[in-house]
Amino acid sequence: MPVIQSFHRKIVDQSKETIMSIHNHKKFTTPFTQRLKDGHRSEQLLLEQLSILGAVGLKIGTLPDLPFTEPRIQHCKNNKDGYWTFVAPDLCVILPPTSSKPDKEIIYIQCKKKTLMGAVDHHYLLDEKQLHLLAKSQEYLGRTILVIHNTSIHNEPQWLFVNHAELAKMKLLKSTINNKPTFKIPLTAFSPLLKLMEGT
């Protein structure tokens, strides 16, 4: 009897470890609709922040036949680069003239929300599809940047950005996270949003 109980306890413990392992590697802990709502809120806050700095922007791109209010990228094995792409970053923004750039400039922005934990986070993780979207936007639309809405309470800037043109020059570390090809972007590659208004 003790042997059976010991065996049963071992099975239960292993099951608990497996369940914990699955949850520890789960990418999201909030429902999709809530994440979508949070993302839209970040985009709106970014537009307001840019407006304060003198820029004019708007949200772009929808797929009206789908229950989403933003475009999607779908995987397609038949395409030469592996994706059927609906190229539409989150925002289109017109930057005011600066001393280094006397003409107004149109840029395209992909906005992401992230809590950065200071010394704990040395990289921002971006999955391959999102990097692909940035590349296609840069190719077909024009200058494209990735903006992070940092919701941390630490002393890092709330808004950080990096130009896709700079990402394209980097040798980014690639790994598989939650069964998705993912690139690690060093946080040192990002700059405070104010630098964007200085013509950086």
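Scroll up for the structure.
Residues numbered from 1 in each chain as written. Predicted model: local features only at pLDDT ≥ 70, side-chain atom pairs only at ≥ 80, totals over all residues. Heavy atoms only, no water.

Draft legend 1. Structural context of the sheet that holds strand β10 (residues 180-186). Taken in spatial order, the three strands line up as β6-β10-β9 in an open sheet, and their pairing is antiparallel. This sheet does not close on itself; its edge strands, each paired only once, are β6 (123-127) and β9 (173-177). Along the sheet, successive strands turn relative to each other by an average axial angle of 35°, direction set aside. Relative to β10, β9 runs antiparallel, the two being bridged by five bridges. Along β10, the bridge assignment pairs lysine 174 with phenylalanine 183. Of the strands in this sheet, β6, β9 and β10 are in contact with helix α3 (residues 128-140), which crosses β6 at around 85°. (Pairing = 2+ DSSP bridges. Helix = DSSP H or I, 4+ residues; strand = E, 2+ residues; numbered from the N terminus. Axes fitted to C-alpha atoms, helices over the stretch in contact; angles between N-to-C directions. Contact = heavy atoms within 4.5 Å.)

Draft legend 2. Quick peek at the sheet that holds strand β11 (residues 191-192). Spatial ordering of the open sheet is given by β1-β4-β5-β7-β8-β11, a layout of six strands whose pairing is mixed. The open sheet has two free edges, formed respectively by β1 (56-59) and β11, since each of these has just one partner strand. Strands in contact with helix α2 (residues 32-52) are β1, β4 (91-95), β5 (105-114), β7 (144-150) and β8 (159-163); relative to β5, the strand with the most contacts, it is inclined by about 135°.

Draft legend 3. Local environment of the packing of aromatic side chains. Counted according to the given criterion, the structure contains one aromatic pair. Both rings, one in tyrosine 124 and one in phenylalanine 190, keep their centres 6.4 Å apart while their planes meet at 80°; by these two values the pair is edge-to-face. Taken as a pair, tyrosine 124 in strand β6 and phenylalanine 190 in the loop between β10 and β11 lie far apart in primary sequence, 66 residues in all. We note that tyrosine 124, like phenylalanine 190, is buried. (Phe/Tyr/Trp six-rings, centres within 6.5 Å; stacked < 30°, edge-to-face > 60°. Buried < 20%, exposed > 50% of the residue type's maximum accessible area, 1.4 Å probe, protein only.)

Draft legend 4. Fine view of α2. Compared with an ideal rise of 1.5 Å per residue, which puts 21 residues at 30 Å, α2 spans 30 Å between its outermost C-alpha atoms and is within 8% of the ideal. Of the residues making up α2, those classed as buried are Leu36, His40, Ser42, Glu43, Leu46, Leu47 and Leu50. Viewed end-on, α2 has its buried residues packed into an arc of 155°, placing them on one side of the element. What points out from α2, more than 90 degrees from its buried face, is the exposed set Lys37 and Ile52. On the buried face of α2, the contacting elements are β1, β4, β5, β7 and β8. Two residues or fewer after α2 comes glycine 54, characterised by a positive phi angle close to 105°. (Expected span 1.5 Å × (residues − 1). Arc of directions from axis to C-beta.)

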